[in-house]
Amino acid sequence: MIDRAHIGRTWPGWEVEVEPGRLRLFAKAIGETRPEYTSVAAARAAGYRSILAPVTFAYCLGADDPAGLRYLEEVGIPISRLLHGEEKIVNYEPICAGDRVRVTRRIKDIYSKKNGALDFVVWELAVDDATGGRPLARTETVLVVRNG
Amino acid sequence: MADRFVVGSELPALALPPLARSTLALYAGGSGDHVPLHIDSVFAQAAGYPDVFMHGMLGMAYVGRLVTTWVRQGQVREFGGRFVAITYPGEVLTARGSVTEVDPNGRARLGLTLVNAQGETKFSGFAVVDPA
């Protein structure tokens, strides 16, 4: 059972630059071959600041946490019993290579189903422009923990 | 563009190649999700799975390609869904979508799915897209 005292907990967050090489690798991994996802020139011709991050990429900025997966340990979630249950992404404006972003993590909710056989932890990630503070994206992630 | 937002209109389906283990390794690198369940079959088996399995977010990224091929990425306001079933290497996935609602302002809601060759649903989701 995940301790409900963690509901509302917020992590201090971190800043990170969206690297072009990472976006190219991400595009390759998902089979995205359109040029605005890999080429600066093509992205600019299409009206973007630089290489465009695909529509689900905001979620991946949560993986840049300098403390790695410690946030899971701090809440008592073992990786081997973890599944991704649901995801929702709201993009306010495209994220592009070279953007410097501030990422903040928060627990929105914790609940159980099936008499405690499954725990659900709802995480929110806020991705904001690090300089001006403009919101770029919000993600809501439901992680499922199998107990026993 | 907006005239395509008609309830029942279908997006051209996106057929994916059989899921390769190497794709999971690439996705782990590109996404930053290094959870070993997806890239280390020994770890996955010790955790009770028959093999490594696809990151749910890779499946969602495929569905995202479907959507952003049909509308410009900047039109996608919201994109979400549930990861319904686990996908193993070798499975052949197809992303499908259709318009389920159009509001008076011309904004459309899409119903989206990712299914394998046997018709098993892997991801069931939605997107809210602005008119062009």
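Caption draft 1: Molecular detail of the interface of chain A and chain B. In this assembly, 33 residues from chain A lie in contact with 35 residues from chain B. Contact between chain A and chain B buries roughly 2800 Å² in total, counting both sides, with carbon and sulfur atoms accounting for 62%. Area buried by chain A at its contact with chain B is led by Ala29, Ile30 and Val55 of chain A, which between them contribute 19% of it. Inspection of the chain A/chain B interface yields one salt bridge. Of the charged contacts in the structure, one is a salt bridge between glutamate 78 of chain B and lysine 88 of chain A, with a shortest N-O distance of 3.9 Å. Summed over the shared surface of chain A and chain B, the result is 12 residue pairs in polar contact (both at pLDDT 80 or more).

Caption draft 2: Examining the layout of surface pockets more closely. All names here are of chain A. Its volume calculated, the largest pocket comes out at about 980 Å³. Considering the residues around the largest pocket, the lining is formed by 48 residues, among which Tyr59, Leu83, His84, Gly85 and Leu143 are closest to the centre. Ranked by residue count, the leading element in the lining of the largest pocket is strand 2 (residues 82-91), at five residues.

Conventions used here
- Chains are numbered independently. Their residues run from 1 in the order of the written sequence.
- For naming, the first written chain is A and the first written ligand is 1, with later ones following in the order written.
- Per-residue local features of the predicted model are confined to residues with pLDDT of at least 70, and side-chain atom pairs are confined, for both listing and counting, to 80 or more; whole-chain, interface and lining totals are unaffected and use all residues.
- Hydrogens are left out, water is left out, and the side-chain values use all remaining heavy atoms of the structure.
- We call two residues contacting when some pair of their heavy atoms lies within 4.5 Å.
- When two components associate, each loses some accessible surface as probed by a 1.4 Å sphere; the sum of these losses over both components is called the buried area.
- Salt bridges are defined as contacts in which a side-chain nitrogen from Lys or Arg sits within 4 Å of a carboxyl oxygen from Asp or Glu.
- Polar contacts, as used here, are pairs of N or O atoms within 3.5 Å; protein pairs need one atom able to donate a hydrogen and one able to accept it. Residues neighboring in sequence count only if both atoms are side-chain atoms.
- As defined here, a cavity is a set of points on a 1 Å grid over the protein atoms alone where a 1.4 Å probe fits but cannot get out. A pocket is an open set with protein on both sides within 12 Å along at least five of seven lines, and residues line them when an atom is within 4 Å of a point.
- Grid points are joined across faces, edges and corners, and a volume is the space filled by probe spheres set on the points.
- Counting from the N terminus, the helices are the DSSP runs of H or I reaching at least four residues and the strands are the DSSP runs of E reaching at least two.

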